[in-house]
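Close look at the chain arrangement
Residues per chain are reported as follows:
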Amino acid sequence: MQSDNNTTDVVQEMEVENVTTWALMEEDDWQVLVRRYDIRPLSSAGYMGCAIYLVIIGLVATTGNTTTLVMFLRNRKLRVKPHNILILNLAISDIGISVFGYPLTTSSCFAERYLWGMVGCKIQGFTTFFLAMADMYTLTVISVYRWVAICRPHYNHRLNFSFTVKVVVGVWVAAFITTAPPLVGMSTYIFEPFGTSCTIDWDDPAPVSVFYIYALVLVAYIIPVVVMVYCYWKVVARSKSLLKKVKQSKCKTLSLGEAEEANSTMAECKVTWISLLMVSVFVVIWSPYTFVCVWAIYDPDIPMWLNTLPTMCAKSSCMLNPVIFYLTNPLFRATFRATFSRRRKILPFLSRTKSRTFKVDRTKDGIYIGESRVTLRQADTTLF
């Protein structure tokens, strides 16, 4: 009797499985993915809005970063500065995101379904996350370089070209180590809740996946942000102190060496504010996305709009650096125009850059030469 019941149960299970399999065969691939991965599709208007937004972001990001890359490659003066290798690295990683990430997501938003299958999802998820981590780690390194330039200038000579190249290689290795575990079973890359782009499976309940998520938040967000905050806190404090001394020195008579040092200090402080703005914008853009991802560990049923908006906001990060460079740095703008114009040269601009006048009465060696005024062109900086 018991045997008959077991046989009946097996037959019923096989019938249910056959019915389910047949139903899945009748559904198209997208419907299968929606049901299997709990995708919550947006409205047609929502997908269209995301698509248009990504087209604009993608065009600005690709144009801006490609232009930045070409500009650096064509201008030897920019290339020889070791610190600028980090800016080049940012441009390369941002171009990668706009090439490997945006087209797949944008086309899927227009189609209102993911077009590239699970293999495409895993490739896109890993590639964009890998490049975003390279961005984050590069910005962290830039903050350390600015700290050295302002707070420990006597060590600045150690940040030479060969050392910076090694640092850049280390950035890419660290980014790969951070983002590769999901490819070997520690969590995985799956669809975002709205279904047209891919990311880490943030709400995977498996213990190894939860461990990876916490480790990821620590090494990919908390530690870099703490390092950047500490460095710029020290840099801003030091910059204010130096600028105060420079302003006081304008009323005093200096040696020629002291005047050149004051001029250099003011130029470096200005560049520091530009890099601080760049890092601050990046952190502000990525923080809501990080918060939502951590929230998803405890509550998978986050409202759809709260899932979508931080994701789309984070996708704008790769277009911002060239925009910030262009808007805040006159030399960058002049070099940009000179690079892509046959008529305009950068030398006339350099002759019109801001100059500063100091009272001096001694040479660099301390030899008295009588009080006079010397006008110094804005000093060259370690960055840009």
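Model, not experiment: these values are computed from the prediction.

Moving on: the overall build of the protein. Scanning the protein from N- to C-terminus turns up 14 helices and 5 strands. Relative to its full complement of 384 residues, the protein shows a buried share of 49%. Contacts spanning at least 24 positions in sequence make up 73% of the contacts within the protein whose residues lie at least 6 apart. Just so you have it, the protein exposes about 19800 Å², and 65% of that area is on carbon and sulfur atoms.

Among the nonpolar cores identified, the biggest contains 87 residues, and Leu 139, Ile 142, Ile 200, Trp 202 and Met 278 are the most heavily contacted of them. Contacts of Met 278, omitting those with residues within four sequence positions, involve Ile 87, Leu 90, Leu 139, Ile 142, Asn 321, Ile 324 and Phe 325. With 9 residues, the next largest nonpolar core counts Ala 262, Met 266, Phe 358 and Val 374 among its residues.

With 12 residues, helix H12 (residues 317-328) should reach 16 Å at 1.5 Å per residue; the first-to-last C-alpha distance of 17 Å fits that figure. Among the residues of H12, Ser 317, Cys 318, Met 319, Leu 320, Asn 321, Pro 322, Ile 324 and Phe 325 are the ones counted as buried.

Bridging between strand S3 (residues 253-255) and strand S4 (residues 355-362) involves 3 bridges; their strand directions are parallel. Looking across to S4, one finds that Leu 254 is bridged to Val 360. Where S4 folds back onto strand S5 (residues 368-377) in an antiparallel hairpin, the turn is made up of 5 residues, including Gly 366, whose phi is positive at roughly 90 degrees.

What follows covers the state of the cysteines. For the coordinates displayed, the defined rule picks out 1 disulfide. Covalent S-S linkage joins Cys 121 and Cys 198, the inter-sulfur distance amounting to 2.1 Å. Disulfide Cys 121-Cys 198: the torsion about the S-S bond is -130 degrees, which places it as left-handed. Placement of the pair is Cys 121 in helix H7 (residues 117-151) and Cys 198 in strand S2 (residues 198-200), with a sequence separation of 77 residues. No difference in accessibility class separates Cys 121 from Cys 198, as the two residues are buried. Just so you know, Cys 231 is unpaired, no disulfide at all, and the nearest cysteine sulfur is the one on Cys 151, 8.3 Å from it. On the basis of relative accessibility, which here comes to 4%, the residue Cys 231 falls in the buried class.

The subject of this paragraph is empty space enclosed by the protein. All chains considered together, the criterion is met by 1 cavity of 30 Å³ or more. As for the largest cavity, its lining consists of 28 residues, and the residues nearest its centre are Phe 129, Ala 132, Thr 199, Trp 286 and Tyr 289. When contributions to the lining of the largest cavity are tallied by element, the ones reaching two or more residues are helix H6 (102-111), H7, S2, helix H9 (207-249), helix H10 (256-298) and helix H11 (304-314). At 7 residues, the largest contribution of residues to the lining of the largest cavity is made by H7. Split into classes, the residues belonging to the lining of the largest cavity amount to 17 nonpolar, 9 polar and 2 charged.

What follows deals with the packing of helix H5 (residues 84-100) against H7. The interhelical angle for the contact between H5 and H7, taken along N-to-C directions, is 160 degrees, at an axis separation of 9 Å. Taken as axis vectors, H5 and H7 run roughly antiparallel relative to one another. Note that H5 runs across H7; the crossing there is left-handed. Taking contact as the criterion, the partners of Leu 86, Ile 87, Asn 89, Leu 90, Ser 93, Asp 94, Gly 96, Ile 97 and Phe 100 in H5 are, on H7, Gln 124, Thr 127, Thr 128, Leu 131, Ala 132, Ala 134, Asp 135, Thr 138, Leu 139, Val 141, Ile 142 and Tyr 145. Looking at the contact of H5 with H7, its residues break down into 12 nonpolar, 7 polar and 2 charged.

Let us look at the layout of surface pockets. Empty space within the second largest pocket amounts to approximately 370 Å³. Secondary-structure elements contributing two or more residues to the lining of the second largest pocket are strand S1 (189-191), S2, H10 and H11. Per element, the largest residue contribution to the lining of the second largest pocket is 4 residues, and it comes from H10. Residue composition of the lining of the second largest pocket, grouped by class: 13 nonpolar, 3 polar and 5 charged.

What counts, and at which threshold
- Residues numbered from 1 in each chain as written.
- Predicted model: local features only at pLDDT ≥ 70, side-chain atom pairs only at ≥ 80, totals over all residues.
- Heavy atoms only, no water.
- Helix = DSSP H or I, 4+ residues; strand = E, 2+ residues; numbered from the N terminus.
- Buried < 20%, exposed > 50% of the residue type's maximum accessible area, 1.4 Å probe, protein only.
- Contact = heavy atoms within 4.5 Å.
- Areas by Shrake-Rupley, 256 points an atom, 1.4 Å probe, with all protein chains shown as cover.
- Core = buried A, V, L, I, M, F, W, Y, C linked by side-chain atoms within 4.5 Å.
- Expected span 1.5 Å × (residues − 1).
- Pairing = 2+ DSSP bridges.
- Disulfide = S-S within 2.5 Å.
- 1 Å grid on protein atoms, 1.4 Å probe; cavity = no way out; pocket = protein on both sides within 12 Å on 5 of 7 lines; lining within 4 Å.
- Points joined across faces, edges and corners; volume = space filled by probe spheres on them.
- Nonpolar A, V, L, I, M, F, W, Y, C, P; charged D, E, K, R; others polar.
- Axes fitted to C-alpha atoms, helices over the stretch in contact; angles between N-to-C directions.
- Parallel < 35°, antiparallel > 145°, perpendicular 65-115°, else oblique.
- Left-handed = near helix turned anticlockwise from the far one by under 90°.

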